[in-house]
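# Fold and contact review
The lines below spell out each chain.
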Amino acid sequence: MKKWIGLFGLLMLFVCAQAQKSDYSGWQVWRVTVKTKAQLDTLLEKVQDVWSHEVGLGDIDVCLSPKEQAMVRSMRLPIRVLISDVGAVIQSQESDFQIQGDLFSQYQNYDQVILAMRNLQRQYPNLVEMFLIGTSTAGRPIYGLRITRGVRQQRLYSNRPAVLFNGCQHAREWVTVSTNLYIAYQLAGLYGSNTQITDLLGRLEVYIVPVVNPDGYVFTWTNNRLWRKNRRYLGNFQNGPAYGVDLNRNWGYEWGGQGSSSNVYSETYRGPSPMSEVETRRLAQLMASLPNLRAHIDFHSYSQLILWPWSYTSTLTVSDPTFSAVGNQMRLAIEGVHGMNYTPGPVYTTIYPAAGAILDWVYGVHRVLSFCIELRDEGQFGFLLPADQIRPTAEENFAAVLELLEWTKGRFVF
Ligand code: 0X9
Ligand code: ZN
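Residues numbered from 1 in each chain as written. Chains lettered and ligands numbered in written order. Predicted model: local features only at pLDDT ≥ 70, side-chain atom pairs only at ≥ 80, totals over all residues. Heavy atoms only, no water.

## Section: the coordination of the zinc ion (ligand 2)
- Within the protein, the atoms that donate to the zinc ion (ligand 2) are His-170 (ND1), Glu-173 (OE), Glu-173 (OE) and His-300 (ND1), at distances of 2.0 to 2.3 Å.
- Counting residues between consecutive donors of the zinc ion (ligand 2) along the chain gives the motif H-x2-E-x126-H. Across the pair, Glu-173 and His-170 agree in class, each one buried. (Donors = N, O, S within 2.8 Å, 3.2 Å for Na, K, Ca; no water. Buried < 20%, exposed > 50% of the residue type's maximum accessible area, 1.4 Å probe, protein only.)

As structure tokens, this is what we get:
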């Protein structure tokens, strides 16, 4: 009898945990074609979650609840259904999680990410060091990896130029986490056998922060697969409780400008002040503590883009020739692996204004060559990229990473 009560309790717990989750049954992702500015404005008014980067006239990808679908349908615009059942895709990918495979054939939850980082340090103690960057709003640890030859001997790398990679400012962009782990695993694993990587790790210091936004990331696994921002409780306003700041609008360089929102419910809410969020502050402190930092990539998904500053203005930086030369080399390297096309260009003119983005801060404040790479795909699955594309995505971007490391190798530190 007791056993049955226990089982019943467990079942109820399971049911409740399931019930808590955001339900996406009936939701669809549409590619809508708008011809006039008026149509565009009406569309953006009706839709909460714009997925695509193209917000001008032409095609726009939007994720719609059944209610939003009815509203948009009444506009009588040309529509193509990209994902006919968002709920089903999320569910089918959830059942994939149960299948055990290697690190890069499935997505990793936050505990698994930490374990993977720890294992790498354990396996390569002279090459890899795991360190704590700080704690998130909810008190979760934010970890980084430092990878260089003789990592425990401080004086060895004091004159090595440094490069930093990070993922997951945006919670739902899962493939960025795996890609960062892949970079770490490839660098450490190939050291000693691959001459290029052996040489690079003797000359450079590499920092990798796979998850900048652990609270958001955990939330996408437990409650809402399509959450974007961090999870800070902002207060109770006219439309009820509000949560979350868009970390990639919170950075303190030209903060508050175009492409960011002051509305607490918006997906691009910039926060109450520049660097108001502990997650942005901790990563900023890490970067500010690295006088040798020369290059950086902030990984996002999706759209297959290679972006550089500025995000807040259409003006080109004085470093634009360097950005576009290195950006183009990365584009070619990516194409060489699986033939995929990634489009290069400055953020503002290539996608949209995004004041408060990390790369403007990194380049604007520190004069570090800072890129944003938007990973796969081009909209077929968007944020719900199937797990069998993790490895190829990571492989092609590792080729881009090697290009950036080669460039950085020449930036001497005296
Ligand atoms: O809107 C963003 O923050 C990024 N796109 S996403 O769909 N991943 O949210 C692009 C912004 C430009 N990138 C950086 N400034 N890092
Ligand atoms: Zn993003």
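On we go.
## Some thoughts on the layout of surface pockets
- Put simply, the largest pocket is a space of about 800 Å³.
- In terms of lining residues, the largest pocket is bounded by 38 residues, among which Val-50, Arg-249, Gly-259, Thr-268 and Tyr-352 are the most central.
- Mapped onto the lining of the largest pocket, the elements with two or more residues apiece are β2 (49–50), β11 (293–301) and β14 (369–375).
- Partitioning the lining of the largest pocket into residue classes produces 17 nonpolar, 14 polar and seven charged.
- Taken as a whole, the second largest pocket spans an internal volume of roughly 420 Å³.
- Taken together, 16 residues form the lining of the second largest pocket, with Gln-48, Asn-224, Trp-227, Tyr-265 and Glu-267 sitting closest to its centre.
- For the lining of the second largest pocket, the leading source of residues is strand β10 (residues 240–243), giving three residues.
- A class-by-class count of the residues in the lining of the second largest pocket yields nine nonpolar, two polar and five charged. (1 Å grid on protein atoms, 1.4 Å probe; cavity = no way out; pocket = protein on both sides within 12 Å on 5 of 7 lines; lining within 4 Å. Points joined across faces, edges and corners; volume = space filled by probe spheres on them. Helix = DSSP H or I, 4+ residues; strand = E, 2+ residues; numbered from the N terminus. Nonpolar A, V, L, I, M, F, W, Y, C, P; charged D, E, K, R; others polar.)

## Things to note about the sheet that holds strand β1 (residues 28–34)
- Ordered by their spatial adjacency, four strands build an open sheet running β2-β3-β1-β4, and the pairing between neighbours is antiparallel. Among the strands making up the open sheet, the edge pair consists of β2 and β4 (79–83).
- The pairing of β1 with β4 spans four bridges and is antiparallel. For Val-29, the partnering residue across the bridge sits in β4 and is Ile-83.
- Most of the contacts of helix α2 (residues 37–46) go to β1, to which it runs at about 160°, and overall it touches β1, β2 and β3 (58–64). (Pairing = 2+ DSSP bridges. Contact = heavy atoms within 4.5 Å. Axes fitted to C-alpha atoms, helices over the stretch in contact; angles between N-to-C directions.)

## A few points about the packing of helix α6 (residues 175–190) against helix α7 (residues 195–203)
- Where α6 meets α7, the closest approach of the two axes is 8 Å, and the angle between their N-to-C directions is 100°. Compared by their axis directions, α6 and α7 come out roughly perpendicular. Between α6 and α7, the residues in contact are Gln-186, Leu-187 and Leu-190 and Ile-197, Thr-198 and Leu-201, respectively.
- In terms of residue class, the contact of α6 with α7 is built from four nonpolar, two polar and no charged. (Parallel < 35°, antiparallel > 145°, perpendicular 65-115°, else oblique.)

## A look at the pattern of salt bridges
- This structure, assessed with the given rule, holds 15 salt bridges.
- One salt bridge in this structure joins Arg-391 and Asp-102, with 2.6 Å as the shortest N-O distance. One end of the pair, Arg-391, is in helix α13 (residues 390–409); the other, Asp-102, is in the loop between α4 (86–96) and α5 (110–123), and 289 residues separate them in sequence.
- The class for Arg-391 is partly exposed, based on a relative accessible area of 32%.
- Within the structure, one salt-bridge network assembled from shared partners comprises Glu-129, Arg-146, Arg-152 and Glu-205. (Salt bridge = Lys/Arg side-chain N within 4 Å of Asp/Glu carboxyl O.)

## Quick notes on unusual backbone geometry
- The amide bond that connects Pro-309 to the next residue, Trp-310, takes the cis arrangement and shows omega of 0°.
- Cis peptide bonds are those with omega within 30 degrees of zero, and the linkage from Arg-376 to Asp-377 qualifies with -5°.
- Within the secondary structure, Asp-377 is located in the loop between β14 and α13.
- One non-glycine residue, Arg-76, lies in positive phi territory at about 55°.
- On the basis of relative accessibility, which here comes to 75%, the residue Arg-76 falls in the exposed class.
- Despite not being glycine, Ser-303 has its phi angle at roughly 135°, a positive value.
- One can find Ser-303 in the loop between β11 and β12 (305–308).
- On the basis of relative accessibility, which here comes to 15%, the residue Ser-303 falls in the buried class.

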